[in-house]
Amino acid sequence: MTWDDLDAHLDKVPGTVSAYVGRLDAPPAWTRHADATHYAASTMKAAVLAALHRAAEAGTLELDAPVPVVNEFDSAQPGAPRFSCAQHYDNDDAVWDRVGGTAPLRWLADRMIVRSSNLATNLVIGHVGLPAVAEVWALAGARHSITGRGIEDFAAREAGITNLVTAHDLAALLGALATGATSPGRLASPAGCASMLDVLLAQEHREDLAAGLPEGTRIAHKNGWVRGVRHGAGVVLPDDAPPYVIAVCTTTDLADGGPSGDEVEDDACRLIAHISAQIWAARHHL
């Protein structure tokens, strides 16, 4: 396979397929429409995770302190009524079982990543604030990504406030966490970055990037999906080659992830898995 071959294959896909692949702290080996913006879906949760850990290191939040688990949030649209999440649109009943009680922020952040819980995400955003998430994107070197609102904030959405990502920016964010885990990083201390990588390594939704890797291959990643959108971004940690970052964003008719929020293995998953497999095959030459 050559990069031209992969591009030629993707040129046949209706819609936009973006990608960024490369070693950590090195120029990319291959990019494709890497600065094209896509609706973020749940990939923005990786930036929320980083914002929480930065707040904990700054001493403004305590990761293990219990916080109320509620289902009512301030809209990002000034003057709009508060909004709530719908349980059928979530992926994690464990968080919903705690509504009316409490849960540690650390646990909520874990559920936000490993099960992609929307309710947990909005709870964490409520404590860290959207400006802290914007700061994470800026520190990571993101050029176009925006986290403008929480999930299911429909008043903000109707007002044009949205969440966007690019393949470049997702790769920059995940790469910053990986490099920061071994040396003082831009986002957090080495211990903080390593802790976040451990959460991303525990990801339970493995139908896209991870599906293209040999069984047992470690990948610290976050994905996201809604109808027409499927993304995956992560750091692959081979045993026989240096780590590499891969981000693939797709806005196509291939993604069937519907309004129920259910995880489905669709053609978009298979496309991303195919790209992941091709990059794995070239891992020694990135």
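An unreviewed UniProt entry lists the chain under the name Beta-lactamase class A, from Micromonospora coriariae.

**Here we look at the state of the cysteines**
Taken as a whole and assessed by the stated rule, the structure comprises zero disulfides. Just so you know, Cys249 is unpaired, no disulfide at all, and the nearest cysteine sulfur is the one on Cys269, 14 Å from it. Among the residues examined, Cys269 registers a relative accessible area of 1% and is labelled buried.

**Focus: the pattern of salt bridges**
This structure, assessed with the given rule, holds 13 salt bridges. For the salt bridge of Arg106 with Asp64, the shortest nitrogen-to-oxygen distance reads 2.8 Å. Highlighted residues: Arg106 in helix H4 (residues 105-114) and Asp64 in the loop between helix H2 (45-58) and strand E4 (66-68), separated in sequence by 42 residues. Connected through salt bridges with shared partners, the residues Asp7, Asp11 and Arg32 form a single ionic network.

**Observations regarding the nonpolar core**
Counting residues in each nonpolar core, the largest one holds 63 residues, and the members touching the most others are Leu52, Leu108, Met112, Trp137, Leu173 and Leu200. Once residues lying within four places of it in the same chain are set aside, the contact partners of Leu52 are Leu61, Leu63, Leu105, Ala109, Val124 and Val128. Listed in part, the 21 residues of the second largest apolar core include Leu6, Ala19, Trp30 and Ile219.

Conventions and cut-offs
Numbering of residues starts from 1 in each chain and follows the order in which that chain's sequence is written. Since the coordinates come from a predicted model, pLDDT governs what is reported: local features require at least 70, and pairs of side-chain atoms require 80 or more to be given and counted, while whole-chain, interface and lining totals use all residues. The side-chain numbers reported here are obtained from all heavy atoms of the structure, hydrogens and water having been left aside. By convention in this document, the label disulfide applies to cysteine sulfur atom pairs within 2.5 Å. Throughout, exposure labels follow a simple rule: accessible area from a 1.4 Å probe, protein chains only, divided by the maximum for the residue type, with under 20% read as buried, over 50% as exposed, and the rest as partly exposed. Salt bridges are counted wherever a side-chain nitrogen of Lys or Arg sits within 4 Å of a carboxyl oxygen of Asp or Glu. Each helix corresponds to a stretch of at least 4 residues labelled H or I by DSSP, and each strand to a stretch of at least 2 residues labelled E; elements are numbered beginning at the N terminus. Among buried residues, those of type Ala, Val, Leu, Ile, Met, Phe, Trp, Tyr and Cys that are joined through side-chain atoms within 4.5 Å constitute a nonpolar core. Whether two residues are in contact is decided by their heavy atoms: any pair within 4.5 Å suffices.

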